[in-house]
Amino acid sequence: MRLTTAQALVRFLANQWSERDGAEHRLIAGVLGIFGHGNVAGIGQALAEEGAGTGDPLPYYLARNEQAMVHTAVGYARTRRRLSTFACTASIGPGATNLVTGAALATINRLPVLLLPGDIFATRAAGPVLQELEDPRSYDVSVNDSLRPLSRFFDRINRPEQLPSALLAAMRVLTDPAETGAVTLALPQDVQAEAHDWPEELFARRVWHVPRPVPEPAALARAVELLRESRRPLIVAGGGVKYSEAWTELARFAENHGVPVGETQAGKGALPYDHPRAVGAIGHTGTRAADTLAREADLVIGVGTRYTDFTTASRTLFGQARFLNVNVTAFDAAKNSGLMLVADARAALRALDEVDWRADADWTRRATTLATAWQAEVGRAYAGTELTQPVALGIVNELAAGGVVVNAAGSMPGDLHRLWRASDPEQYHVEYGYSCMGYEIAGGLGVKLGAPEREVIVLVGDGSYLMMAQEIATAVQEGVKLVIVLVDNQGFASIGNLSESVGARRLGTAYRARGAGGELDGAPLPLDLAVNAASLGADVLRADTPESLRAALVKAKESARTTVVHVEPVPGDGPGAQAWWDVPVAEVSALPEARAARARYDEAKRDQRSYL
Ligand SMILES: Cc1ncc(C[n+]2csc(CCOP(=O)(O)OP(=O)(O)O)c2C)c(N)n1
Ligand SMILES: [Mg+2]
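Residues numbered from 1 in each chain as written. Chains lettered and ligands numbered in written order. Predicted model: local features only at pLDDT ≥ 70, side-chain atom pairs only at ≥ 80, totals over all residues. Heavy atoms only, no water.

A few words now on the overall build of the protein. When helices and strands are tallied, the protein shows 24 helices and 23 strands. Taken against the 2.2 N^0.38 rule, which gives 25 Å for 612 residues, the C-alpha radius of gyration of the protein at 25 Å falls within 12% of a compact globule. C-alpha atoms of the protein, sized along the principal axes, occupy 70 × 70 × 55 Å. Sorting the 612 residues of the protein into buried and exposed places 59% on the buried side. (Helix = DSSP H or I, 4+ residues; strand = E, 2+ residues; numbered from the N terminus. Rg over C-alpha atoms; globule rule 2.2 N^0.38 Å. Buried < 20%, exposed > 50% of the residue type's maximum accessible area, 1.4 Å probe, protein only.)

Right under this line is the structure:
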């Protein structure tokens, strides 16, 4: 079959399916893109020829920023439990390098995305091409090589003949739960347009079976032994529980064996907040219940977690525990010198559930008491007559039943992790692997594309909004409705507080004009982000009291259009961090507050463990 390389690529992608538990899904749901000379005549032409409307196998979505389109693909892939994703086509040069942050985010979060940056001439016939970065040491380098360390598979298609094997490898990695992440096929613009005779079989319908690896019997036997020795076990539920859709097995295991369950950001909602074994968020942004138990536990059963410093409170939690790590990747299962149970979360929890063993009844009871006390604290933080951030989150929480809340960076992820009452496993979507400012709206668009039946409520700080709000235009273009709650506190509340705590005097963390003395401490900037949102095509409502926020959210939910609710919260915090986070402080300084911060730091650092 004689087609261009780009036409063959598009036709191949339209015929790829994933399968797990007997259900098939389109592996590539569509193509997000921005055209330029590196892709318009290749992929652009191919999509136009194959048909790229919503009724076609590969609908095309015009995005506003290449980084944002990776966020959209990630939001979609996470919502679809990694069984389906988008391809992202970018032009040469800046279009391609704009993918970099998105690629890192996808790989860190173990979420599949297919990146298709245009690349410089394979023939080198007309180099240097517009936007080409030349490396004097080699012509075999382009800016796309910056995607190599961020991609779980990277290939450059310098000849059409290379395409089939590259495509098969790309699909394998996208659908492998242990390997998945960003997958990049760099596409020289001349090769995209080049014709070739392809074997018909390349375009056959192909189904990629997503495995559920079972635990190896010997490893399972070792795990059972470890369980039997434990009296005070604690589960850390991570994103792997959700990707595996293992929440029923998690609940059953926790119930049958009396094991309390703490949750990471990616795992939050694995159990409903009021499940008798749920103790809520764990780690630096954890609940007092989970963090207290973490300090006393004799066994931590990590399920699908990669144990970031937020989860371990920079290795100051779990001081008395041994680790049993259920993970589909050996890399994560081996962390903290844990006993490795390399397996799918659902398969492993089913196997472990067979064991005749229970936690001490006192331990299980104590977990319940602590969790109940924490819920009372959440109730107090959510109640209030003034519109503080926790009160605003409480109102969103109350009105988000059956929906999804989306967030990523700033002061809200911590508050959400500690406070949010997740009623079902789909409800909580906080990107905290990369905690990337700007993920919120673009990622929320992907969430909504993945779960159109759900109300998607995006929470975004003003800092994040200013970094990447433009996908509101894409949502409007697609008639995809988002409710966006823009929490405007005129700067970086999170980093402002962090700055103060490390002796950095809040430098450069508030949105202020340069003042008379030459510092960034002048008048507040005259920004009106509500007007900005309206200019992108959203409906806009403003709220400054709990009542007006509730009314605005009700109205936004009733509307069919993307609506931004602009909130300026009054100062007021909920419960703060219950465990430490290691952010190194200046060892010498002339500033007294920095010296005091260093003294506090040295003190806290003593609790850090090696987990060897
Ligand atoms: C792309 C990116 N740059 C920088 C950071 C570091 N950072 C984390 S939170 C934050 C401020 C966020 O401000 P805003 O969205 O207004 O949230 P707030 O802290 O005010 O709640 C910054 C700069 C980041 N997470 N992502
Ligand atoms: Mg802010």
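Turning our attention to the packing of helix α16 (residues 389-399) against helix α17 (residues 412-419). Describing two packed helices takes the angle between their axes plus the distance from one axis to the other. One way to put it is that α16 packs onto α17 with a least axis distance of 11 Å and a crossing angle of 60°. Put simply, α16 runs oblique to α17. Along this stretch, α16 crosses α17, giving a crossing that reads as right-handed. Judged by residue contacts, Gln389, Pro390, Leu393 and Asn397 of α16 engage Met412, Asp415, Leu416 and Leu419 from α17. Residue composition of the contact of α16 with α17, by class: five nonpolar, two polar and one charged. (Axes fitted to C-alpha atoms, helices over the stretch in contact; angles between N-to-C directions. Parallel < 35°, antiparallel > 145°, perpendicular 65-115°, else oblique. Left-handed = near helix turned anticlockwise from the far one by under 90°. Contact = heavy atoms within 4.5 Å. Nonpolar A, V, L, I, M, F, W, Y, C, P; charged D, E, K, R; others polar.)

For the magnesium ion (ligand 2), every protein donor is listed as Asp462 (OD), Asn489 (OD1) and Gly491 (O), and the spread of their distances is 2.0 to 2.1 Å. Ordering the donors of the magnesium ion (ligand 2) by residue number gives the pattern D-x26-N-x1-G. Linking Asp462 in helix α19 (residues 462-467) with Asn489 in the loop between β21 (483-487) and α21 (493-501), this pair joins segments that are 27 residues apart in sequence. Given a relative accessible area of 2%, Asp462 falls into the buried group. Take Asn489: its relative accessible area is 27%, and that puts it in the partly exposed class. (Donors = N, O, S within 2.8 Å, 3.2 Å for Na, K, Ca; no water.)

Time to look at the pattern of salt bridges. In the structure shown here, the tally under the stated rule is 35 salt bridges. Asp21 serves as the salt-bridge partner of Arg346, at 3.4 Å between the closest nitrogen and oxygen. Placement of Arg346 in helix α14 (residues 345-353) and of Asp21 in the loop between β2 (16-20) and β3 (23-26) is noted, with a sequence separation of 325 residues between them. On the basis of relative accessibility, which here comes to 16%, the residue Arg346 falls in the buried class. Overlapping salt bridges bring together Asp21, Arg212, Glu249, Asp344, Arg346 and Arg350 as one network. (Salt bridge = Lys/Arg side-chain N within 4 Å of Asp/Glu carboxyl O.)

Here we come to the site of ligand 1. What surrounds ligand 1 is a group of 15 residues, the closest being Ser411, Ser435, Asp462, Gly463 and Ser494. Between ligand 1 and the protein, one listed contact pairs an oxygen atom with a backbone N or O atom of Ser464 at 2.9 Å. Separating an oxygen atom of ligand 1 from a backbone N or O atom of Ala493 is a distance of 2.9 Å. Within the complex, 78% of the 580 Å² of free accessible area of ligand 1 lies under protein. Those elements that provide at least two residues to the shell around ligand 1 are α19 and α21. Broken down by element, the residue count for the shell around ligand 1 peaks at four residues, all from α19. (Near = heavy atom within 4 Å. Polar contact = N/O pair within 3.5 Å; in protein donor to acceptor, adjacent residues only side chain to side chain. Areas by Shrake-Rupley, 256 points an atom, 1.4 Å probe, with all protein chains shown as cover.)

This brings us to helix α11 (residues 288-296). Restricting attention to buried positions, one finds in α11 the residues Ala289, Ala290, Asp291, Thr292, Leu293 and Ala294. Structurally, α11 contributes buried residues whose contacts are with β12 (233-237), β14 (278-281) and α15 (361-382).

This brings us to α17. Among the eight residues that make up α17, eight are buried, leaving the element largely enclosed by the rest of the structure. Residues of α17 that are buried include every one of Met412, Pro413, Gly414, Asp415, Leu416, His417, Arg418 and Leu419, and no others.

Glancing now at the nonpolar core. Membership of the largest hydrophobic core comes to 56 residues, with the highest contact counts inside it found for Phe318, Trp420, Leu549, Leu553 and Val565. At eight residues, α15 tops the list of elements feeding residues into this core. Each residue touching Leu549, except ones within four places of it in the same chain, is listed here: Leu387, Ala392, Ile395, Ala543, Val565 and Val567. If you look at the next biggest cluster of nonpolar residues, it comprises 51 residues, including Val70, Ala77, Tyr439 and Val564. (Core = buried A, V, L, I, M, F, W, Y, C linked by side-chain atoms within 4.5 Å.)

Here we come to the sheet that holds β21. Ordered in space as β19-β18-β20-β21-β23-β22, the six strands form an open sheet in which the pairing is parallel. For this open sheet the edge positions go to β19 (428-430) and β22 (539-543), each flanked by a neighbour on one side alone. Along the sheet, successive strands turn relative to each other by an average axial angle of 20°, direction set aside. Here five bridges tie strand β20 (residues 456-461) to β21, and the two strands are oriented parallel to one another. (Pairing = 2+ DSSP bridges.)

Let us now look at the pairing of strand β4 (residues 28-33). Most of β4 sits inside the fold, with six of its six residues counted as buried. In the sheet, β4 pairs with strand β6 (residues 85-90) via four bridges, with the strands oriented parallel. Paired with Val31 across the bridge in β6 is Ala87. Of the pairings in the sheet, the one linking β4 to strand β5 (residues 60-62) comprises three bridges and is parallel in character. Following the sheet pairing, Gly33 is matched in β5 by Leu62.

Here the structure, examined in full by the defined rule, presents eleven aromatic pairs. Taken together, a centroid distance of 5.8 Å and an interplanar angle of 85° make the contact between Phe318 and Phe323 edge-to-face. The exposure classification of Phe318 matches that of Phe323, with both residues buried. With a centroid separation of 5.6 Å and 75° between ring planes, the pair formed by Phe492 and Tyr511 is classed as edge-to-face. Taken together, the residues Phe492 in the loop between β21 and α21 and Tyr511 in the loop between α21 and α22 (529-535) connect sequence positions 19 residues apart. Through successive ring pairs, a cluster of aromatic residues spans Tyr307, Phe318, Phe323 and Tyr611. A cation sits over an aromatic face here: Arg205 above Trp17, 4.5 Å from the ring centre. Residue placement shows Lys268 over the ring face of Tyr428; its charged tip is 5.4 Å from the ring centre. (Phe/Tyr/Trp six-rings, centres within 6.5 Å; stacked < 30°, edge-to-face > 60°. Lys NZ or Arg CZ within 6 Å of the ring centre and 35° of its normal.)

What follows deals with the environment of Ala596. With respect to the secondary-structure elements, Ala596 resides in helix α24 (residues 592-605). Overall, Ala596 belongs to the partly exposed group, its relative accessible area being 37%.

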